[in-house]
Amino acid sequence: MSPQSQSKFICIECGESYSITERRYRCDCGGLLEVIHDLSSITADKWRRQVNEKQDEVAFLRYLGILMPSLEPDSIITLDEGDTPLYNVTEEFPSMRIELLMKHEGMNPTLSFKDRGMVAGVSWAKHLGCEYVMCASTGDTSASMAAYAARAGGMAGIVLLPKGKISQEQLVQPISYGAVTIGLETDFDGCMKLVQELTAKHAIYLLNSMNSVRIEGQKAIGIETLHQLNWEVPDWFVIPVGNAGNISALGKGLRELKELGIINRLPRLAGVQTVSASPLYESFRDGFAELVPQVAEATEASAIRIGNPVSFKKAIRELKYFEGVMEVVTEQELTDWKARIERIGIAICPNSAVAVAGVKKLVDSEVIAEGEKVVVVLTAHGSKFSSSAMEYHENADNRYANQPVYLPPDLSAIEKELKL
Ligand code: F0G
């Protein structure tokens, strides 16, 4: 069997299947596609042994048999992504009365979890012979795509960004990696619409998370976490939600591990949004009602400022399967939690802080029960969002503000300030 025949696209709505080699993102019926691999040759014990033996390999290759068996290992475009830390912060937050772990995906090469998907997406683009790749972005997908396209060689990256709505550090990433970087007077949803139109019309490969090959790469976050936990399943995974690709990937990967017998039970999933952009939360609250697109308002969690999430249907499916819940947090909650987590030495982005703030609310409402083991997925690094952090710390009204002090270069002035 050729490696490619191990995988196909299946429509999540009508079940129609397509060849994995088609440059296709939706079914003819309009439904989202997912990649289904033939995993019948995998046996749990053997696979667990094999991945232990591959500890020195890059994470995507270590788990390739479940992530993307249709890719030849030597055709992979990698920046050594993965193997991110899983911090146990239980002792720092005793009042939560839970076991709290943080999977820090901001410790990837472009400082966000997007690298997990781009290793798959750009390697596949190269495999298909694509010369142009494109995405809309709130700042992290664009950084990652541009880096991997640059690494691939001979591949041009084009990014559409909502002008003025992403951080300076995020903006400079695709520029530095050589991508054509276009700012548009619209929001993410407006950029996403144009990317879909442009990639349908021209020979340009779409690398947003509606590209289901990318989702396959992102499954590695959950799989690697379980591996770090020696396949002992936590009670919860908690994750911030924007376009809803990542929660869909997390669910798909965990589902496959369970189906293969690699894990013996399922965790629950919790997705968290902000009050400024909460379409999935609203749907959950209304009994998983149909998507009502929103015009997303400004939020410090700008990477999840998305009102019309493309992967809505996949996310709802996973939430139902994993007895999942959605939560929503305010600006004050998320900025305070960002500051609190950084106080224990872990630099997180505002979007990751949304998930942490969500944990606290779910603990308070007893949805997460005392003693449960919770893994929060931190999706990007704090260093991508320096100006919002600076604003927080310069404002003495903020609970965890650490105001910088400006003094003349004078010994006694410093001694006075330090009360020495
Ligand atoms: N956290 C960060 C840091 C993100 O950049 C994103 C999405 C998310 C969470 C949400 O993930 O969209 O799969 O639900 N960023 C995309 C981007 C939209 O363009 O960088 P999601």
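Calculation rules
- Residues numbered from 1 in each chain as written.
- Predicted model: local features only at pLDDT ≥ 70, side-chain atom pairs only at ≥ 80, totals over all residues.
- Heavy atoms only, no water.
- Pairing = 2+ DSSP bridges.
- Helix = DSSP H or I, 4+ residues; strand = E, 2+ residues; numbered from the N terminus.
- Contact = heavy atoms within 4.5 Å.
- Axes fitted to C-alpha atoms, helices over the stretch in contact; angles between N-to-C directions.
- Salt bridge = Lys/Arg side-chain N within 4 Å of Asp/Glu carboxyl O.
- Buried < 20%, exposed > 50% of the residue type's maximum accessible area, 1.4 Å probe, protein only.
- Polar contact = N/O pair within 3.5 Å; in protein donor to acceptor, adjacent residues only side chain to side chain.
- Near = heavy atom within 4 Å.
- Areas by Shrake-Rupley, 256 points an atom, 1.4 Å probe, with all protein chains shown as cover.
- Parallel < 35°, antiparallel > 145°, perpendicular 65-115°, else oblique.
- Left-handed = near helix turned anticlockwise from the far one by under 90°.
- Nonpolar A, V, L, I, M, F, W, Y, C, P; charged D, E, K, R; others polar.
- Arc of directions from axis to C-beta.
- Expected span 1.5 Å × (residues − 1).

**What to know about the sheet that holds strand β8 (residues 180-184)**
Here comes step 1: Spatially, β8-β7-β6-β9 is the arrangement adopted by the four strands of the open sheet, whose pairing is parallel. The open sheet has two free edges, formed respectively by β8 and β9 (205-206), since each of these has just one partner strand.
Here comes step 2: Two strands pair when backbone bridges link them, and strand β6 (residues 132-136) and strand β7 (residues 156-162) are joined in this way by five bridges, in the parallel orientation. In the sheet register, Cys135 faces β7, and the bridge partner there is Val159.
Here comes step 3: Helix α7 (residues 188-201) contacts β6, β7, β8 and β9 of the sheet and is inclined by roughly 155° relative to β6.

**Let's talk about the pattern of salt bridges**
Here comes step 1: With the rule as written, the count across this model stands at 26 salt bridges.
Here comes step 2: Linking Arg116 and Glu224 is a salt bridge whose minimum nitrogen-to-oxygen distance equals 2.8 Å. Of this pair, Arg116 sits in helix α4 (residues 114-128) while Glu224 sits in helix α8 (residues 212-228), placing them 108 residues apart in sequence.
Here comes step 3: Since its relative accessible area comes to 2%, Arg116 is described here as buried.
Here comes step 4: Given a relative accessible area of 1%, Glu224 falls into the buried group.

**Some words on the environment of Lys219**
Here comes step 1: Assignment of secondary structure puts Lys219 in helix α8.
Here comes step 2: Assessed through its relative accessible area of 1%, Lys219 is described here as buried.
Here comes step 3: Along the sequence, Lys219 and Leu254 sit 35 residues apart, while their C-alpha atoms lie 7.8 Å from each other.
Here comes step 4: For Lys219, the side chain forms a polar contact with the side chain of Glu256, separated by 2.5 Å.

**Considering the site of the ligand**
Here comes step 1: Taken together, 21 residues lie near the ligand, and Ser137, Asp140, Thr141, Asn243 and Thr379 sit nearest.
Here comes step 2: Between Thr138 and the ligand, the recorded distance is 2.8 Å, taken from a backbone N or O atom to an oxygen atom.
Here comes step 3: The contact in question runs from an oxygen atom of the ligand to an N or O atom on the backbone of Thr141, over 2.7 Å.
Here comes step 4: Burial of the ligand by the protein amounts to 99% of the accessible area it has alone, namely 470 Å².

**Some points on unusual backbone geometry**
Here comes step 1: Its identity is not glycine, yet Arg97 carries a phi of approximately 55°, on the positive side.
Here comes step 2: Mapped onto the secondary structure, Arg97 falls in the loop between β4 (86-88) and β5 (99-104).
Here comes step 3: Even without glycine at this site, Trp231 takes up a positive phi of about 65°.
Here comes step 4: Positionally, Trp231 belongs in the loop between α8 and β10 (236-240).

**Some words on the packing of α4 against helix α5 (residues 140-152)**
Any two packed helices are characterised by how steeply their axes cross, that is the angle between the axes, and by the distance between the axes.
Here comes step 1: Here α4 crosses α5 at 40°, and the two axes come no closer than 9 Å. As far as their axial angle goes, α5 and α4 are oblique. Here the hand of the crossing between α4 and α5 comes out right-handed. Facing α4, whose interface residues are Lys114, Asp115, Met118, Val119, Val122 and Lys126, α5 presents Asp140, Thr141, Ser144, Met145, Tyr148, Ala149 and Ala152.
Here comes step 2: Tallied by class, residues from the contact of α4 with α5 come to seven nonpolar, two polar and four charged.

**A closer look at the packing of α4 against α8**
Here comes step 1: For the pair α4 and α8, the least separation of the axes is 7 Å and the interaxial angle reads 145°. In this structure, α4 meets α8 at a crossing whose hand is right-handed. Counting all contacts with α4, which are made through Lys114, Arg116, Gly117, Met118, Ala120, Gly121 and Trp124, the residues of α8 involved are Val213, Arg214, Gly217, Gln218, Ala220, Ile221 and Glu224.
Here comes step 2: Classifying every residue of the contact of α4 with α8 by side-chain character gives six nonpolar, four polar and four charged.

**A few points about helix α1 (residues 44-53)**
Here comes step 1: Residues Ala44, Trp47 and Val51 constitute the buried set of α1. Within α1, the buried residues cover an arc of 65° as seen down the axis, which keeps them to one side. More than 90 degrees from the buried face of α1, the exposed residues found are Asp45 and Glu53.
Here comes step 2: For α1, the secondary structure elements touched by its buried residues are α2 (59-62), α3 (64-67), α8 and α9 (245-259).

**Describing helix α13 (residues 350-364)**
Here comes step 1: Over its 15 residues, α13 extends 21 Å from the first C-alpha to the last, a length consistent with the 21 Å expected when each residue adds 1.5 Å.
Here comes step 2: Of the residues making up α13, those classed as buried are Pro350, Asn351, Ser352, Ala353, Val354, Ala355, Val356, Ala357, Gly358, Val359, Leu362 and Val363.
Here comes step 3: Two residues or fewer after α13 comes Glu366, characterised by a positive phi angle close to 60°.

From the geometry alone we can't say anything about function, so treat these as descriptive.
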